Amino acid sequence: MGDDGGTNRVHNEFSGGTADNVVMAGRIDHLTITPPVTADTPVDRAALELARMVGAQWRAEAGVRGVLDESALRVRWTLDRGQGEPDTLASAELATAYLALRRRRLVVLGGPGSGKTTSAVLLVLALLAGHPRLAQGDRVPVLLSLASWDPDAEHVHAWAARRIAEEYPRLLRAEFGGPEGPGRLVEAERVLYVLDGLDEIPSHRRTLALQRLNESMPGDTPVVVTCRTDEYQAAVRESDVLRSAAVVRADPVTVEDVVAFLRAAAPAHRAEQWRPVIDALRAEPDGPLAAALASPLMVGLLREVHLTGPADPAVLLDRLLLPDAAAVENHLLDSLVATAFPDAPAPPGRPGPHRRWPARAAKRWLGSVAAGLGGSGGEDIAWWQVGAPAWQRGLAAGVAGAVLSLASSWPLTAAEPEATLVFAGVAAAFYADAATKKRRYVSRRMPRGRTRPWRRPSPGMLLLLAILVALFGLINAAFVSIGARNGHLWAVLIMLPAPLVGLWAAALLDRTATSDDAVTPARSAAKALRRATGAALVIGSLVTFAVVTAVLLVANHVTVKLVVLLPVFGLHVSLVSLLRSQPGRYLLARTVLVVRGRLPWRLTAFLEDAHRRGVLRQAGSVYQFRHARLRERLVHRRAVGRQGGR
């Protein structure tokens, strides 16, 4: 374009696509061509892939929570930048306000049920939507739950790298830098920490957590932290604020907000049912119903129970049944489970394959989960927390071991009942001992990469490999010779592949346990169980091979009975090895709790359904109750029910 005498310059820009030719008419003084963003390094590729996975994960979760609906409740926030008048914002405006901060550091405060976690999810999605293709150096917003961080034992950057590796194992592939990829992302400052739930850290560690954040993240490092207001203020009194951070506080939900929400969300054919409720809210803005609906949590429960559910809203106006705000809140909390798990068939349109869980059983199971799987307590609901008392595990495993031993050895030792009973007793002892061993499962450890680039083995490793191959060949030759002399060459040939079969089965199970996207609770449990089973098969096959070697070299003969008994022995070794692992302990404890009626047999499927029905929320590889108030209410009702049953 022209410049009109050199004073009124015109600037044209072409972006957002590709072109073979760009035509510009007139005088051109300066031309700048910016090539499209390319991910040339593993860190760049990892950042793009992380952004894709984070967006997919939280869009799905936001859809389950219903926060993306047009009729969603409008939540207001007050933003205090530390200077000037505070601004009032809607949830959709938080991302814009955050990007306008001089230093992109933000603390999100609010009371219980005020929507802090939901706002963090929406902020992550909005930031990702603003950067569909990350430029080199851009940070990827990653939402991490602070409940898993011990600031006294682990640096925040190491913790973040480990959590990213666990939640997004695809980043461990060679193309993204291998096992060191997540750590390199953190080191390259390509991660924007959105840290949810400072209040979920034990109270004696919150002060230390704030200190560590200030030490590890200078004032110009972008970060977002959510916390309950009272807990944050208590930590600040003993430590310091998150330096250079603006503060945004959740405003109470007003009566007009609730009325607008009800009018937009109520089905047209039920508008008359809701008219008395709307009139009562406006007539008594300080009444029990309005006070109870002052938080987004309770409005969300109202939607699940009375708007999308079949419950009659007229019960909300019954002052005898619901005399105060606490009674209204308890009614909504109690009704959520009954609405989510009705005895009637699930209505059409619900996402996911819903199963028919008995309503009374579902309440009992959720009460057990709320009380802590096996008494573990805590916010997270994870498969490795499933536990039962040691004596119950030992008894169950011992009985199972004795039964399996009798079933496997009786056809071969029926003529010797004493030997059969001895075998059963020994098996019961080994099974019980394995089941009662204490194994602390470290759920948040760096997964091992399976696709790291090929590295040339060292000379020492090559020499060791050559020795093992030669030894294996000599043993095989001895087996064939002994088997040929005794007329049982076929039996020896059957036993020789035992180690190879075990290794092949373990590799196959490990391959089926791989994941190319964000980890889910079900995928985490399946992966751990498959890997533990594969390891147990390897141990069992190697032990079988070693015993066969000893028998042949010492006794120098083989019999059909021995050929059958040794694989059975290897199977028992595999099962005992599995019981010594945390996945094996999970299977055993789950069986015990199922027999006691505390959990369903298909625990993972039940938790998935509870998530889809709005009772649970997903936070990476674990579930959490939709809110702490719901968990506390379930624990209370469970305790009352157990006292009433005595």
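Residues numbered from 1 in each chain as written. Predicted model: local features only at pLDDT ≥ 70, side-chain atom pairs only at ≥ 80, totals over all residues. Heavy atoms only, no water.

## Considerations on the side chain of Glu61
In step 1: By the secondary structure assignment, Glu61 is in helix H2 (residues 42-65).
In step 2: A polar contact of 2.8 Å, which involves the side chain of Glu61, links it to the side chain of His611.
In step 3: When sequence neighbours within four positions are dropped, the list of residues in contact with Glu61 reads His611, Arg617 and Gln618. (Helix = DSSP H or I, 4+ residues; strand = E, 2+ residues; numbered from the N terminus. Polar contact = N/O pair within 3.5 Å; in protein donor to acceptor, adjacent residues only side chain to side chain. Contact = heavy atoms within 4.5 Å.)

## Focus on the environment of Leu106
In step 1: Among the structural elements, Leu106 can be located in strand E3 (residues 105-110).
In step 2: A C-alpha to C-alpha distance of 8.2 Å links Leu106 and Pro222, two positions 116 residues apart in sequence.
In step 3: Sequence-distant contacts of Leu106, defined by excluding residues within four places in its chain, comprise Leu79, Tyr98, Leu101, Val223, Val224, Val225, Ala245, Ala246, Val247 and Val248.

## Focus on the sheet that holds strand E1 (residues 76-80)
In step 1: An order of E2-E1-E7-E3-E6-E5-E4 is seen for the seven strands of this open sheet, with the pairing classed as mixed. With one partner strand each, in any of the chains shown, strand E2 (87-90) and strand E4 (140-145) form the two edges of the open sheet. Here the average twist between neighbouring strands, direction ignored, is 20 degrees.
In step 2: Direction of pairing for E3 relative to strand E6 (residues 223-228): parallel, over a ladder of six bridges. The residue of E6 that forms the bridge with Val108 is Thr226. (Pairing = 2+ DSSP bridges. Axes fitted to C-alpha atoms, helices over the stretch in contact; angles between N-to-C directions.)

## Overview of the packing of aromatic side chains
In step 1: Evaluated as defined, the whole model comprises six aromatic pairs.
In step 2: Seen from their ring centres, Trp357 and Trp365 are 6.2 Å apart, and the 85 degrees between their planes marks the pair as edge-to-face. Each of the two residues, Trp357 as well as Trp365, counts as buried.
In step 3: Each ring, one from Trp383 and one from Tyr586, has its centre 5.7 Å from the other, and the planes form 70 degrees; the classification is edge-to-face. Of the two residues, Trp383 sits in the loop between helix H14 (359-371) and helix H15 (390-413) while Tyr586 sits in helix H22 (residues 582-595), which places them 203 residues apart along the sequence. Considered together, Trp383 and Tyr586 belong to a single accessibility category, that of buried residues.
In step 4: Members of the aromatic cluster, connected to one another through ring pairs, are Phe341, Trp357, Trp365 and Phe606. (Phe/Tyr/Trp six-rings, centres within 6.5 Å; stacked < 30°, edge-to-face > 60°. Buried < 20%, exposed > 50% of the residue type's maximum accessible area, 1.4 Å probe, protein only.)

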